[in-house]
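Residue-level structure breakdown
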Amino acid sequence: MRFRPAVAADLPHLIDMLLEAYNWGGVERFTADQLASDDHAWRYVDGWPRAGEFGVVAEVDGRRAGAVWARLLPEDRPGYGYVADDVPELSIGVLPEFRGQGVGRALLDEVIAAARNAGYKRLSLSVEPENRAAGLYRSLGFEVAGRNGGSDTMVLAL
Ligand SMILES: CC(C)(COP(=O)(O)OP(=O)(O)OC[C@H]1O[C@@H](n2cnc3c(N)ncnc32)[C@H](O)[C@@H]1OP(=O)(O)O)[C@@H](O)C(=O)NCCC(=O)NCCS
């Protein structure tokens, strides 16, 4: 297992992982085509990476196994987990065959360290409380800071 910064060439993988995040419950909410034509969903990958954005890719035997990435979505085009313009919002996905082996936790550890190094004070994300990922976030120190539709906005103070 290798972890490295997410770069522009990782965009197709980020799109795949965003699809995993939207379809987390085993129900297909979005096809790849629907994701690409949904303005709110697409902003999580559109133009990746912009200034100040960062992410981490996990590789197993040279193959991408998952990714986490942080976007600086502005107030006038926010993500579901928007808190402030200077609080990057995370998205994360791990390919089904690599789940439950610590990849997601390790990706989050890496991206939290990257955020600290970059001088950010907080990270945010949006998660449906039924998603087991919420427990993972809590165990890393994220706390619920608000609600947007059926999802919790969680924030980690760095
Ligand atoms: C959420 C996700 C990224 C976690 O990645 P992962 O590699 O499976 O996570 P880990 O193996 O590091 O497990 C981390 C912890 O989360 C728990 N967990 C999270 N999702 C789980 C699941 N689907 N099944 C079982 N345990 C899960 C584990 O108990 C584990 O706890 P532990 O470290 O104390 O043992 C991955 O399940 C995933 O891609 N899910 C679909 C996309 C998604 O939901 N993204 C987040 C949207 S907010």
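Refer to the structure presented above.
Just so it is clear, the structure is predicted and the values come from calculations on it, not from any experiment.

The buried count for strand β4 (residues 89-94) comes to 6 of 6 residues, which makes it a mostly enclosed element. Covered by surrounding structure in β4 are E89, S91 and G93 together with L90, I92 and V94, the residues of both alternating faces. Here 6 bridges tie strand β3 (residues 63-71) to β4, and the two strands are oriented antiparallel to one another. Paired with G66 across the strands is V94, a residue of β4.

Along the chain, E59 falls in strand β2 (residues 54-60). E59 sits in the buried class, given a relative accessible area of 12%. Once residues lying within four places of it in the same chain are set aside, the contact partners of E59 are M1, R2, R4, R64 and A65.

As a structural note, the neighbourhood of the ligand is formed by 20 residues, with V94, G100, G102, G104 and R105 the closest of them. I92 places a main-chain nitrogen or oxygen 2.9 Å from a nitrogen atom of the ligand. Alone, the ligand offers 880 Å² of accessible surface; in the complex the protein occludes 72% of this. Here the shell around the ligand is built from residues that sort into 9 nonpolar, 7 polar and 4 charged.

Glancing now at the environment of R64. Positionally, R64 belongs in strand β3. A sequence separation of 30 residues divides R64 from V94, and the C-alpha atoms of the two residues are 9.1 Å apart. Leaving out residues up to four positions away in the same chain, R64 has contacts with R4, A9, D10, H13, V57, A58, E59 and L95. A polar side-chain atom of R64 sits 2.7 Å from a polar atom in the side chain of D10.

With that settled, consider the packing of aromatic side chains. Enumeration according to the criterion identifies 3 aromatic pairs in this entry. Taking 5.0 Å as the distance between ring centres and 80° as the angle between the ring planes, the aromatic pair formed by Y22 and F30 counts as edge-to-face. Considered together, Y22 and F30 belong to a single accessibility category, that of buried residues.

Attention now moves to the nonpolar core. L90, Y137 and F142 are the most contacted members of the largest nonpolar core, which totals 46 residues. Of all the secondary structure elements, the ones that give two or more residues to this core are α1 (11-22), β2, β3, β4, α4 (103-117), β5 (122-127), α5 (133-139) and β7 (151-157).

It is worth spelling out the pattern of salt bridges at this point. Tallied over the full model, the rule gives 13 salt bridges. In this structure, D10 and R4 form a salt bridge, with 2.8 Å as the shortest nitrogen-oxygen distance. Judged by its relative accessible area of 0%, D10 falls in the buried class. A salt bridge links R4 to E59; the shortest N-O distance between them is 2.8 Å. Here R4, found in strand β1 (residues 2-5), pairs with E59, found in strand β2; they are 55 residues apart in sequence, far enough to count as distant. A residue is classified by how much of its surface remains accessible, and R4, at 15% relative accessible area, is buried. Connected via shared salt-bridge partners are R2, R4, D10, E59 and R64.

Rules and cut-offs
- Residues numbered from 1 in each chain as written.
- Predicted model: local features only at pLDDT ≥ 70, side-chain atom pairs only at ≥ 80, totals over all residues.
- Heavy atoms only, no water.
- Buried < 20%, exposed > 50% of the residue type's maximum accessible area, 1.4 Å probe, protein only.
- Helix = DSSP H or I, 4+ residues; strand = E, 2+ residues; numbered from the N terminus.
- Pairing = 2+ DSSP bridges.
- Contact = heavy atoms within 4.5 Å.
- Near = heavy atom within 4 Å.
- Polar contact = N/O pair within 3.5 Å; in protein donor to acceptor, adjacent residues only side chain to side chain.
- Areas by Shrake-Rupley, 256 points an atom, 1.4 Å probe, with all protein chains shown as cover.
- Nonpolar A, V, L, I, M, F, W, Y, C, P; charged D, E, K, R; others polar.
- Phe/Tyr/Trp six-rings, centres within 6.5 Å; stacked < 30°, edge-to-face > 60°.
- Core = buried A, V, L, I, M, F, W, Y, C linked by side-chain atoms within 4.5 Å.
- Salt bridge = Lys/Arg side-chain N within 4 Å of Asp/Glu carboxyl O.

Coordinates in, geometry out; function isn't part of it.
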